[in-house]
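# Close look at the chain arrangement
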Amino acid sequence: MVEVGASAAAAAVDARVVAELVARAQAEGTPVGGEGGLLAQLTKLVLEASLQGEMDAHLGYAKHDPAGRDGKNSRNGKRSKTVLTEAGPVEIEVPRDRDSSFEPQIVRKHQRRLDGIDGIVLSLSAKGLTTGEISAHLAEVYGASVSRDTISTITDRVLEGMAEWQSRPLDEIYPVVFIDALRVKIRDGQVANRPIYLALGVTVDGQRDFLGLWAGEHGEGEGAKYWLRVLTEIKNRGVKDVLMLVCDGLKGLPDSVAVTWPQTVVQTCVVHLLRNSFAYAGRQHWSQIAKDLKPVYTAPTEVAAFDRFAEFSEKWEGRYPAIVRLWTSAWAEFVPFLAFDIEIRKVVCTTNAIESVNARLRRAVNARGHFPTEQAAMKCLYMALMGLDPTGQGRGAWVRRWKPALNAFDIHFDGRLTAANR
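Residues numbered from 1 in each chain as written. Predicted model: local features only at pLDDT ≥ 70, side-chain atom pairs only at ≥ 80, totals over all residues. Heavy atoms only, no water.

### Looking at the overall build of the protein
- In terms of regular secondary structure, the protein is built from 18 helices and eight strands.
- Counting over 422 residues, the protein shows a buried share of 46%.
- Excluding contacts between residues fewer than 6 apart, the proportion of contacts in the protein whose partners are at least 24 apart in sequence is 65%.
- Carbon and sulfur atoms make up 53% of the accessible area of the protein, which totals about 21,900 Å². (Helix = DSSP H or I, 4+ residues; strand = E, 2+ residues; numbered from the N terminus. Buried < 20%, exposed > 50% of the residue type's maximum accessible area, 1.4 Å probe, protein only. Contact = heavy atoms within 4.5 Å. Areas by Shrake-Rupley, 256 points an atom, 1.4 Å probe, with all protein chains shown as cover.)

Structure (structure tokens):
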């Protein structure tokens, strides 16, 4: 009871002190925020007190202590420096010692920004702001001038973390892996659309796990050899088994999956098939085509789906033969999910799970227009991905949505999930 009472009293004293400071600032016409405001003044006091404490610890005695008169190292005045803080630019006095051995930590030598400012820059960059926009934001909100080169230097610090993330060990088994692409404009001699592929796995615990990002080539650079390299990299990072891989008919991917994980089922995204179908049809026919295709992808069996597709072909092939060819060429990768339980169908017949992530990534990309290099594009996308997960691991919980499907997966795939947890 005594401890609780003391804690409550301390909190009350702190509240009174803060209230007095705010009241005094208002009476004197001092703003709370901005340069020279109350927050900046308090930040100055806290930083300088901390620096004095670090100097006391470095020398082994406090200021004005007679122990400092024995001829050993001692204080040697102060030097002024301005640091950028969340409260704006703050001028502080940094203590010095005679033999220049003092190495402050809270504001290091040559440091001109507190770490919180770097975090703000990274957060703004992850949301898609350009270096110029971030510089303008810092000037407007914090009254500080930070050059574009400085902002670029701050964001470059994530490159090491990106390399570690891209090569980190992965789980041994994933029930489902989704692969999708988004187009990014990259200047390589001239501005060109380049695909950036994202692989998203669902763990046995129902979490999403971003496995990595890979830059594709402009034009027809991707094929079986490209995908074999990507999948081999994922396998070498510890993935021994993938039950299903869902994609958007990426050329060469099914053959490479068969080489990497022979038991893996490759499933074409049904939503992508529908969208691609609409690309060949007049807008006035979209609703009817969607209605006529629904019995195909909701059929109870592959045989029933084939019968419904025959009916669709008879009706539409004369007007839109390209749609029939599209579904015919994708049939082998379209039909696997028809053999599964309804719970599995709900989660594997579409790449919406990964497309919702791509929507966030596209906002970050579109804000930039184009990128000067592939590395700059990858850095932006990596920061956007990490912004989706505060832990910085690129994971997120989907337990509630995935639990029924995971149980159905384990039954359908003869206990391969259960075996992985032993």
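Next, the rest of the story.
### Focus on the packing of helix α9 (residues 270–278) against helix α12 (residues 321–329)
- The interhelical angle for the contact between α9 and α12, taken along N-to-C directions, is 160°, at an axis separation of 9 Å. Relative to α12, α9 is oriented roughly antiparallel. Taken as a pair, α9 and α12 cross one another with a handedness that is right-handed. Touching Leu273, Leu274, Asn276 and Ser277 of α9 are Ile323, Leu326 and Trp327, all from α12. (Axes fitted to C-alpha atoms, helices over the stretch in contact; angles between N-to-C directions. Parallel < 35°, antiparallel > 145°, perpendicular 65-115°, else oblique. Left-handed = near helix turned anticlockwise from the far one by under 90°.)

### Examining the confidence of the model for the protein
- Mean pLDDT over the protein: 78, with 73% of residues reaching 70 or higher.
- Scored below 50 in pLDDT, residues 1–13 shows zero contacts in the model against residues more than four places distant or in partner chains. (pLDDT = per-residue confidence, 0-100.)

### Quick word on the nonpolar core
- Counting 74 residues, the largest nonpolar core has Trp327, Phe334, Leu385 and Phe409 as its most contacted members.
- Per-element accounting of this core gives the leading share, 10 residues, to helix α16 (residues 374–387).
- Once residues within four sequence positions are removed from consideration, Phe409 is found in contact with Pro175, Val176, Leu243, Met244, Ile344, Val347, Val348, Trp402 and Leu417.
- Core analysis: the second largest hydrophobic core is formed by 22 residues, Trp214, Trp227, Val230 and Val239 among them. (Core = buried A, V, L, I, M, F, W, Y, C linked by side-chain atoms within 4.5 Å.)

### Observations concerning the pairing of strand β6 (residues 241–247)
- Across the seven residues that make up β6, a large majority, seven, are buried.
- Looking at chain direction, strand β3 (residues 173–188) and β6 are connected through five bridges and run parallel. Residue Phe178 lies in a different strand from β6, and its bridge partner there is Val246.
- Here four bridges tie β6 to strand β7 (residues 265–268), and the two strands are oriented parallel to one another. By the bridge assignment, Val246 is partnered in β7 with Gln267.
- Note on the crossover from β6 through helix α8 (residues 253–260) to β7: the handedness is right-handed. (Pairing = 2+ DSSP bridges. Right-handed = clockwise from strand over helix to strand, strands pointing away.)

### Remarks on the packing of aromatic side chains
- Applying the stated criterion to the full structure yields 15 aromatic pairs.
- When the centroid spacing of 6.0 Å and the interplanar angle of 20° are considered together, the rings of Trp316 and Tyr320 count as stacked. In this pair, the class of Trp316 matches that of Tyr320, namely buried.
- Taken together, the ring pairs in this structure connect Phe306, Phe309, Phe312, Trp316, Tyr320, Trp327, Trp331, Phe334 and Phe337 into an aromatic cluster. (Phe/Tyr/Trp six-rings, centres within 6.5 Å; stacked < 30°, edge-to-face > 60°.)

### Considering the packing of helix α7 (residues 224–236) against α8
- Look at α7 against α8: their axes get within 8 Å of each other, and the N-to-C directions meet at 40°. Classified by the interaxial angle, the pair formed by α7 and α8 is oblique. As α7 packs across α8, the resulting crossing turns out to be right-handed. From α7, Ala224, Trp227, Leu228, Leu231 and Lys235 reach across to α8, where they touch Leu253, Ser256, Val257, Val259 and Thr260.

### Observations concerning the state of the cysteines
- With the rule as written, the count across this model stands at zero disulfides.
- Just so you know, Cys247 is unpaired, no disulfide at all, and the nearest cysteine sulfur is the one on Cys269, 8.8 Å from it.
- Taking the relative accessible area as the measure of exposure, Cys247 reaches 2% and is therefore buried.
- Of the residues examined, Cys269 reaches a relative accessible area of 0% and is grouped as buried. (Disulfide = S-S within 2.5 Å.)

### Describing α16
- Taking 1.5 Å per residue, 14 residues should reach 20 Å; α16 reaches 20 Å between its end C-alpha atoms and fits that length.
- Counting buried positions over the 14 residues of α16 gives 11, a clear majority of the element.
- For α16, the complete set of buried residues consists of Ala376, Ala377, Met378, Lys379, Cys380, Leu381, Tyr382, Met383, Ala384, Leu385 and Met386. (Expected span 1.5 Å × (residues − 1).)

### Here's the deal with the pattern of salt bridges
- This structure, assessed with the given rule, holds seven salt bridges.
- Arg168 serves as the salt-bridge partner of Asp209, at 2.9 Å between the closest nitrogen and oxygen. Placement of the pair is Asp209 in strand β5 (residues 207–215) and Arg168 in the loop between α6 (158–166) and β3, with a sequence separation of 41 residues.
- One salt bridge connects Asp241 with Arg416, and the closest N-O pair in it is separated by 2.7 Å. Taken together, the positions of Asp241 in strand β6 and Arg416 in helix α18 (residues 416–420) put the pair 175 residues apart, joining distant regions of the chain. Note on accessibility: Asp241 and Arg416 belong to one class, buried. (Salt bridge = Lys/Arg side-chain N within 4 Å of Asp/Glu carboxyl O.)

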